[in-house]
Amino acid sequence: MIRLRRACSSALLAAQLAGCSGNWQSALDASGTSAISLKHLIILIVAVCSLVWMLVMVALIAALWRSRDARPASPEPGRERRLTVAVTGAVVATVLIISTFTIMSFVATRALSVAGRDELTIRVRGLQWWWGLEYIGPDPTSRFETANEIHIPVGRNVRLKLEGLDVIHSFWVPSLAGKQDIVPGRSNELTIRAEHAGIYRGQCAEFCGMQHAHMALLVIAEPQADYDTWAATQRQAAARPTDEETATGLQTFLAKPCAACHTIRGTSAAGTTGPDLTHVGGRRTIAAGLFETTRGSLAAWTADPQTIKPGNNMPMVPLTPDELRAVSAYLASLK
Amino acid sequence: MAGVLLGLAAALAGCQREERQLRLDPPIADALDKIALMPNRIGGAPPDVYFVLGRPYEVNAYNLSQGKRLYAWFGCKSCHGDGRGGSGPGFLDGWWSYGPEMVSIFASIRDGRPHGMPAFGGKMTTDQIWQLAGYVQTIGSYEGKTAAPSRNDEKQTRPAENRAPAKLLFDEGPSPVHPDQGPTP
Amino acid sequence: MNRPVAAPDTRDIDIERTRLTDALAETWKTPSGIWGALATVDHKIIGRRYIFTAFVFLALGGVLAALMRIQLAQPEARLLGPDRYNQIFTMHGANMMFLFAVPVMEAVAVYLVPLMVGTRNIAFPRLNAFSYWIYLAGGTLLWTAFALDMGPDVGWFAYVPLSGPQYGAGKRADIWAQMITFTEISALAVAVELVVTIFKQRAPGMTLDRIPVFVWAMLVTSFLVIMAMPAIVLESTSLILDRLVGTHFFNPAEGGDVLLWQHLFWFFGHPEVYIIFLPAAGMVSTMIEPFARRPAFGYLGLVMALIATGILAFGLWVHHMFVAGLPRLGDSFFTASSMAIAIPAGIQVFCWLATLWDGRLVFKTPLLFIIGFIVTFVIGGLTGVMVASVPFDTQVHDTYFVVAHFHYVLIGGAVFPLLAAIHYWFPKLTGRMMSEALGQWSFWLIFVGFNATFFPMHILGLEGMPRRVYTYQPDLPWHGLNLFISLSAVILIAGFLLFFINAIRSARVGEVALDNPWDAPTLEWATTSPPPSYNFAMIPVVGSLHPLWDDRDSLAVANGLRTDRRELVVTTLAAAEPQAREASPRNSIWPLWAAIATAIMLIWSIFSPWAVVWGSVPVAVALIGWFWPKGAPEDES
């Protein structure tokens, strides 16, 4: 039984290695409105600073080069004066450069904080170690819960209300915007807007304990029509089991500890400690961005969460192989 | 020599109190589930493996603090309040309806008790039930254990478990003293 | 008062040289044997001990760094679990900051400042002994706890609520907080000693404009310690109170504030960076002179830059909190102040460049480390300017970019000068020279290894890799650079190993050093290598900033001090005119007892608040023993 579990998780790791890779979490691969302007600022500042460093290095190398010829060591007023002029000039240049930087960042900061009209509001809860999401619409029927995967329409401002419930986390999707901490007892906000459709990865950026390394989320920017379809699906209750295996899966889910922590809308499972699983099969990843969602990864994760993500709050629930198969089939069917 | 032994003892105690056992091997979890209860389901003996592990659910800080989280997550508060009781009995009045032993508390959580205590056996794993039992025992303890959890980041309703709230509240009165209970805890 | 009229004249006037040195050696000696070693108050012995201990902690911290690099060399590695990794990175940070960087700078000053200002012992020498024992106890506490799986796992910054009572299970965060208390006490004690030594014990004639730059740097640093440390005293105490007795300093539900922690921490934490950097800058300004064969260019500018840095250091802590959700206008103010600190840093760099430009360089190991320092520190300073910009910081905050930045500042900016200083002052510390060949090898290994290890981290940060992660997933494009970094770290470690081998070997079999092997201009080179217990047979009188260059053949001395008791000259603050003869305390075992009593109280108070009450009794007893008059000649006023 244990061997089976271990084998499952290592097979999964191998599968993961073969998975997609790319700069989908990089400040230099910007697709969000504010990330693009930040990228320009970063490139400009880095370029100026590199130039400054090179000038200093040229001066240093020249100084070392000069020293090869032996000259009298005693300071002489004329040379001292020339050195004073050179040093003063360099200091004045320093002052000018950093003043420019200060004004530039002030302007850029103002641009960041002036957000346009908010058209979509999402409540983002940072939790140890996953992201709880609540889409808030104009009326109560349009609100829905999901986890770890944010869908947004391209080209629209999306306001994220960041709510801390346990420790400090930091919401950061580098391709879309700079980070913003999630602080308990405080309400922080961040507005993001994607310029292009795509999948952007984000990760908690403030150390939040044992599984800080595995607290990722995906932001999926898609055309308005696709977003609307997705949101409509999310508002619905979970799909009913269609065959015998998934029906057994649902029964097992409800009978075992699973239902005490997870909600599946449309069933009696209404726990709130763990992520909402109503449409878990339709999400791209499970366990806060750890694995691609497949029946196999769901089974591995359910079988032994503490080996895959040690210290997370999901216990290892003893299930027979048949039960495990049924539960994973059921979860995978929750598109 | 004595110093070395003392140091070793301290080292072992330290390791045990702070170690974080994150994953309980299934055979051990199964073994931990096999408690021997007296026929009246009060008192009894935990399985041998419990002692082999060094009574981890009573002395280990991580287990106790996990127990505290489970107390909140599994809705214990809705009946037992912060330990003072509500529709269910309190843990702070020095009175344990089924005895203060870990096995009894474990059995109460796992199997439920008459008059409203539901069985959590199907909702929690064995590991979690032991963690919760350890925490519940700590709430009512008259000695503030060093490993016990401290206050939560929320409104304070009573001193935290490491301050031995049962002792403090008992000394304060006026909570009803159970007739069977002696003059001092 | 009722001293016998015909008391024998025991002053050092008209006395034969050998009789004088014999008498002084007898008065100032540290008895041999374990008891003598425990009771000594000689600043040189304590300073050497301090430096040695700090380097032991450096090596231990390096082992932790190596473990982290092995773990991060490949994605999803299973060498270390998250629990152990979090302890290791916390230990690495806390150890390097509190047990290595700050103490080692103070340790070098404990050894050198009294020699550089020409006095016989540091002010409050027993406090100095006490501070070392407390430091040792704090370091032992931290490492013992780590060995017991009880090491702090909340980061060296220990942000609440993660380190608070609800999320920091067990005693791990308390160990962190109490280790802070130990290092606070020892750092504050040394800071006070240094301020008094520099203000009141300078050799006659050493006016303010004749103080070596390193001594100025230590003066500014000591004031930073005195003003910054109380913030963290307050903080670590509040944390222990929150955790142990259930106060609510950081509990938002009861009116506490989570961000209060960050404000207090960085109000200490940012000056802390300058507490480490300023001594290093002072070392460079002092060491550059003998290797450039000319006075450092712009003495006034260098000193003013140190003071300006010290003042600005208190005005920029918020740049650690740019993404915490504070008002944007306030953030912009701190952008301006953080950028402004580039001005004094720039002044110093340009002055050093001017000195090198005009000097006739002697390419020995210390100069190599100084050049390496300029190359790397300028990078660290420029990335500092980058993260000072709020919008820039929102992308790189808490990523490997910041890891790269502060290692460039702390290793490039402080450890390089420190290694130069060890090579440079090694003859004064041990009486032997370090091997030049090994020194140059270790420089090149460290320089190349350092840059290859830390430069790629800038790129990793921009590519989105957050800090403090125990692993990363294989589908992220970071593994190539991480593997490269881990391999480069091997070169860096080899360099440090070579340095340690060189130091240990040279201390035993190195070439015997002359009194002034580098032909340096400052006073510590006016005495033997290593100096005798009384430092100077006669107190030197200083007539210029470079006494050993300007008065090369005959250094003036002052006399009139008694030889049968420990005495030193007290001078005026600005003009350094002799004011009085002041007794300096004898060896005493009581500082050790006081340190043990204090350590017991502090460690006990992790477990019970009553420790503060009952544990203070032995502390009081030890302090009474410490100050009880024992009829020594030094007790006369």
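Residues numbered from 1 in each chain as written. Chains lettered and ligands numbered in written order. Predicted model: local features only at pLDDT ≥ 70, side-chain atom pairs only at ≥ 80, totals over all residues.

Caption draft 1: Seen up close, the overall build of chain C. If you tally the helices and strands in chain C, you get 20 helices and four strands. Rg of the C-alpha trace for chain C: 25 Å, near the compact-globule value of 26 Å for 637 residues, within the 12% margin. For chain C, the C-alpha atoms occupy an extent of roughly 85 × 60 × 50 Å along the three principal directions. The buried share of chain C, reckoned over its 637 residues, is 61%. A separation of at least 24 residues holds for 80% of the contacts in chain C among residues at least 6 apart in sequence. (Helix = DSSP H or I, 4+ residues; strand = E, 2+ residues; numbered from the N terminus. Rg over C-alpha atoms; globule rule 2.2 N^0.38 Å. Buried ≥ 20, exposed ≤ 12 C-beta atoms within 10 Å, placed from the backbone. Contact = placed C-beta atoms within 7 Å.)

Caption draft 2: Highlighting the overall build of chain A. Helix and strand content of chain A: nine helices and twelve strands. Looking at the 335 residues of chain A, the share that counts as buried comes to 47%.

Caption draft 3: Up close: the sheet that holds strand 3 (residues 144-147) of chain A. Residue and element names in this part refer to chain A. Strand order across the open sheet formed by five strands is 3-2-1-5-8, with mixed pairing between neighbours. The open sheet has two edge strands, strand 3 and strand 8 (187-192), and neither has a second partner. Between one strand and the next, the sheet's axes are offset by a mean angle of 25 degrees, whatever the strand orientation. (Pairing = 2+ DSSP bridges. Axes fitted to C-alpha atoms, helices over the stretch in contact; angles between N-to-C directions.)

Caption draft 4: Looking closely at the sheet that holds strand 9 (residues 198-203) of chain A. Residue and element names in this part refer to chain A. In space, the three strands of this open sheet follow the order 4-10-9, with mixed pairing throughout. The two strands at the open ends of the sheet, each matched to only one other strand, are strand 4 (149-153) and strand 9. Pairs of neighbouring strands in the sheet enclose a mean axial angle of 25 degrees, with direction left out of account. Judged from the five bridges that link them, strand 4 and strand 10 (residues 216-222) form a sheet pairing that is parallel. Within the sheet, the bridge partner assigned to isoleucine 152 lies in strand 10 and is alanine 221.

Caption draft 5: Quick look at the interface of chain C and chain A. Counting residues at the interface gives 72 residues for chain C and 75 residues for chain A. Those elements giving two or more residues to the side of chain C that touches chain A turn out to be helix 4 (82-116), helix 8 (258-292), helix 10 (328-340), helix 11 (342-358), helix 12 (365-388) and helix 13 (390-396) of chain C. Among the elements that make up the side of chain C that touches chain A, the one with the highest residue count is helix 11 of chain C (twelve residues).

Caption draft 6: Here's a closer look at the UniProt feature "transmembrane region" (unreviewed entry) in chain A. Residue and element names in this part refer to chain A. As annotated by UniProt and renumbered to match this structure, "transmembrane region" (unreviewed entry) occupies residues 40-65 and 85-108. Split by type, residues 40-65 is 100% helix and 0% strand. Its first and last C-alpha atoms lie 37 Å apart. As a span, residues 85-108 carries 100% helix and 0% strand, and end to end its C-alpha atoms are 35 Å apart. (UniProt positions renumbered as here; feature names shortened; annotations may be inferred.)

Caption draft 7: Highlighting the confidence of the model for chain A. Residues with a pLDDT of 70 or more make up 89% of chain A, whose mean pLDDT is 87. Counted against residues more than four places away or in other chains, residues 1-21 of chain A, with its pLDDT under 50, gives 27 contacts. (pLDDT = per-residue confidence, 0-100.)

Caption draft 8: Region of interest: the nonpolar core. Core analysis: the largest hydrophobic core is formed by 343 residues, its most contacted members being Ala133 of chain B together with Ala101, Val215, Ile276 and Ile370 of chain C. Of the residues forming this core, the biggest block, 23 residues, is contributed by helix 4 of chain C. Looking at this core, you find at least three residues from each of domain 1 (120-235) and domain 2 (237-332) of chain A. Those residues in contact with alanine 101 of chain C that lie beyond four places of it in its chain are Met96, Ile276, Leu410 and Ala414 of chain C. (Core = buried A, V, L, I, M, F, W, Y, C linked by C-beta atoms within 7 Å. Domains from an automatic or database assignment.)

Caption draft 9: Here's a closer look at the interface of chain B and chain A. On the chain A side, the residues contacting the 14 residues of chain B number 16 residues. Listed by contribution, the elements that provide at least two residues to the side of chain B that touches chain A are helix 2 (26-32) and helix 8 (126-139) of chain B. For the side of chain B that touches chain A, the residue count by class is six nonpolar, three polar and five charged. (Nonpolar A, V, L, I, M, F, W, Y, C, P; charged D, E, K, R; others polar.)

Caption draft 10: Quick look at the domain arrangement of chain A. Residues and elements named next belong to chain A. Along its sequence, chain A is carved into domain 1 (120-235) and domain 2 (237-332). The centre of domain 1, based on its C-alpha atoms, is set 22 Å off from the matching centre of domain 2. The interface is formed by 20 residues belonging to domain 1 together with 13 residues belonging to domain 2. Counting only elements with at least two residues in the side of domain 1 that touches domain 2, the list comes to strand 2 (130-136), strand 3, strand 10 and helix 4 (224-235). In terms of residue class, the side of domain 1 that touches domain 2 is made up of nine nonpolar, eight polar and three charged.

Caption draft 11: Focus on the packing of helix 8 of chain C against helix 14 (residues 400-430) of chain C. All names here are of chain C. Interhelical geometry of helix 8 versus helix 14 gives an angle of 45 degrees and a closest axis separation of 9 Å. Considering their axes alone, helix 8 and helix 14 lie oblique with respect to each other. Here helix 8 and helix 14 pass one another in a crossing that is left-handed. From helix 8, Val273, Ile276, Phe277, Ala280, Met283, Val284 and Met287 reach across to helix 14, where they touch Val409, Leu410, Gly413, Ala414, Pro417, Leu418, Ala420, Ala421 and Tyr424. Residues of the contact of helix 8 with helix 14, tallied by class, amount to 15 nonpolar, one polar and no charged. (Parallel < 35°, antiparallel > 145°, perpendicular 65-115°, else oblique. Left-handed = near helix turned anticlockwise from the far one by under 90°.)

Caption draft 12: Representation of the UniProt feature "domain: Cytochrome oxidase subunit I profile" (unreviewed entry) in chain C. As recorded in UniProt, the feature "domain: Cytochrome oxidase subunit I profile" (unreviewed entry) lies at residues 29-543 of chain C. For residues 29-543 of chain C, helix accounts for 69% and strand for 0%, while the C-alpha atoms at its two ends are 30 Å apart.

Caption draft 13: Seen up close, the confidence of the model for chain C. Confidence along chain C averages 93 in pLDDT terms, with 98% of residues attaining 70 or more. Taken as a whole, residues 1-5 of chain C scores under 50 in pLDDT and shows zero contacts with residues more than four places along the chain or in a different chain.

Caption draft 14: A look at the pairing of strand 5 (residues 158-164) of chain A. All names here are of chain A. Alternating residues of strand 5 divide into Val158, Leu160, Leu162 and Gly164, all buried, and Arg159, Lys161 and Glu163, none buried. Judged from the seven bridges that link them, strand 1 (residues 120-127) and strand 5 form a sheet pairing that is parallel. From the neighbouring strand, glycine 126 faces strand 5, where its bridge partner is glycine 164. Pairing analysis gives six bridges linking strand 5 to strand 8, with the strands arranged antiparallel. Across the sheet, residue leucine 160 finds its bridge partner in strand 8, namely leucine 190.

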